[in-house]
Amino acid sequence: MPDYSRRGGAAGAVASDSPAPPSWKPAALFALACLLIVVGIAPLVLGGHGHLKGMLPVVQGMFLFGTFVFGVLAFIRYTTQAHHGAAPQPPFMAPLSEFVMPLSEFVSERREPPGRVVPFPVAHRDIADRPSRWSLDVIDRMEWKRFEDVCCAFYNEKGIKAATTRMGADGGVDIRLYQDPDDADCCTAIVQCKAWGQPVGVKTMRELRGVMAHEAIERAFFMAPNGFTDNAREFAAINRITLLDGRLILAMIQRLPDDASRRLLELATEGDWTTPTCPSCGASMTPRQGKHGPFWGCSTYPRCRAKLGMRGVGPARHAASA
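Reading the values: the criteria
Once a new chain begins, its residue numbering starts again from 1 and follows that chain's sequence as written. Local features in this predicted model are restricted to residues whose pLDDT is 70 or higher, and side-chain atom pairs enter the listing and the counts only when it is 80 or higher, whereas totals over whole chains, interfaces and linings include all residues. Heavy atoms from the whole structure form the basis of all side-chain values; hydrogens and water molecules are not counted. Helix and strand definitions here come from DSSP, where helices need a minimum of 4 consecutive H or I residues and strands a minimum of 2 consecutive E residues; each element is numbered from the N-terminal end. By convention, a stacked pair of Phe, Tyr or Trp rings (six-membered ring in the case of Trp) has centres within 6.5 Å and planes under 30 degrees apart, an edge-to-face pair has planes over 60 apart, and any other such pair is tilted. With a 1.4 Å probe rolled over the protein chains alone, any residue whose accessible area is under 20% of its type maximum counts as buried; one over 50% counts as exposed, and the rest are partly exposed. When the NZ atom of lysine or the CZ atom of arginine is within 6 Å of a ring's centre and also within 35 degrees of its normal, the charge is said to sit over that ring. One requirement defines pairing of two strands: DSSP has to find at least two bridges between them.

## Observations concerning the environment of Lys 158
With respect to the secondary-structure elements, Lys 158 resides in the loop between helix H5 (144-157) and strand E1 (161-164). With 99 residues separating them in the primary sequence, Lys 158 and Pro 257 have C-alpha atoms 9.7 Å apart.

Here is the structure:
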């Protein structure tokens, strides 16, 4: 599971089910800049040099085209924003940060970095729907951050000192275990948690092995409710990585004393336990509807634009754990 900020939940959900339309101001600013180059800067710079004067019509044509493109884009986004009920501020009232944006922000849609793997939380459910006993469904429905916290608490209930890594880049480690009787601060094993809706592959397993080698740690555990691919299992078997899928995790929790198992269940299902935590800022997320279907968006949008995929609920999701 990617390690992101461990701050608490969000201040509140966004009223709309879909993100607000992008601002028209950056496109308008670029259109104005292109026009300024056409009528002022280009003639001033190129017009006074004989050997460059021939380039003036070409440069002016290029930036005139840019003025037209950005002007049309600004108009479209302005009308879209007005249609959504947002009252655009005059440009002089907008913060400078709204204008200083990457070009990709307004010439194409935002996309997740290629190859980035993110958790796939289950669909939103009523907070009151709180189970009274452990099951595979409970393990599978936990949002990624809650799953990680429960895994850490499990080791503590077993009498093993465990601590989650701090928010930010975790380097491929979610939990550290400390079992050295001579040095309480010496990490003896590492744990990676992936609350994904599909089996974990060998690529992620190799990354964990790289962390083991870098930190000279001989044991590692990988906890993933929906299991692992065959290649990942083969790799783990020869690299001292213990794999724990949903069925094994459930069996281990059920073998705990009743009071310990109950404490873990209370931690797992307290509050809104199925709505995912934002992987970027630590706030809660809210279901939204996009043109490609539903997804989770950060409740603090547009301050944070993080998104997660949304998955359904069904028994077939446990097949990979068999």
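## Things to note about the packing of aromatic side chains
Overall, the coordinates contain 4 aromatic pairs when judged by the stated rule. When the ring of Phe 30 is compared with that of Phe 70, the centres are 5.4 Å apart and the planes differ by 40 degrees; the resulting orientation is tilted. Of the two residues, Phe 30 is situated in helix H1 (residues 25-46) and Phe 70 in helix H2 (residues 56-83); the sequence distance between them amounts to 40 residues. Residue class for Phe 70 comes out buried when judged on its relative accessible area of 13%. Relative to Phe 228, the ring of Phe 222 lies with its centre 5.6 Å away and its plane at 90 degrees, an arrangement referred to as edge-to-face. When its relative accessible area of 4% is taken as the criterion, Phe 228 is described as buried. Lying across the ring of Phe 295, Lys 307 places its NZ or CZ 5.8 Å from the centre.

## Digging into the pairing of strand E3 (residues 189-193)
Among the 5 residues in E3, 5 count as buried, and that is most of the element. The alternating pattern of E3 places Ala 189, Val 191 and Cys 193 and Ile 190 and Gln 192 on opposite faces, both of which are buried. Examined bridge by bridge, strand E2 (residues 175-178) and E3 share 3 bridges and lie antiparallel to one another. Paired with Arg 176 across the bridge in E3 is Ile 190.

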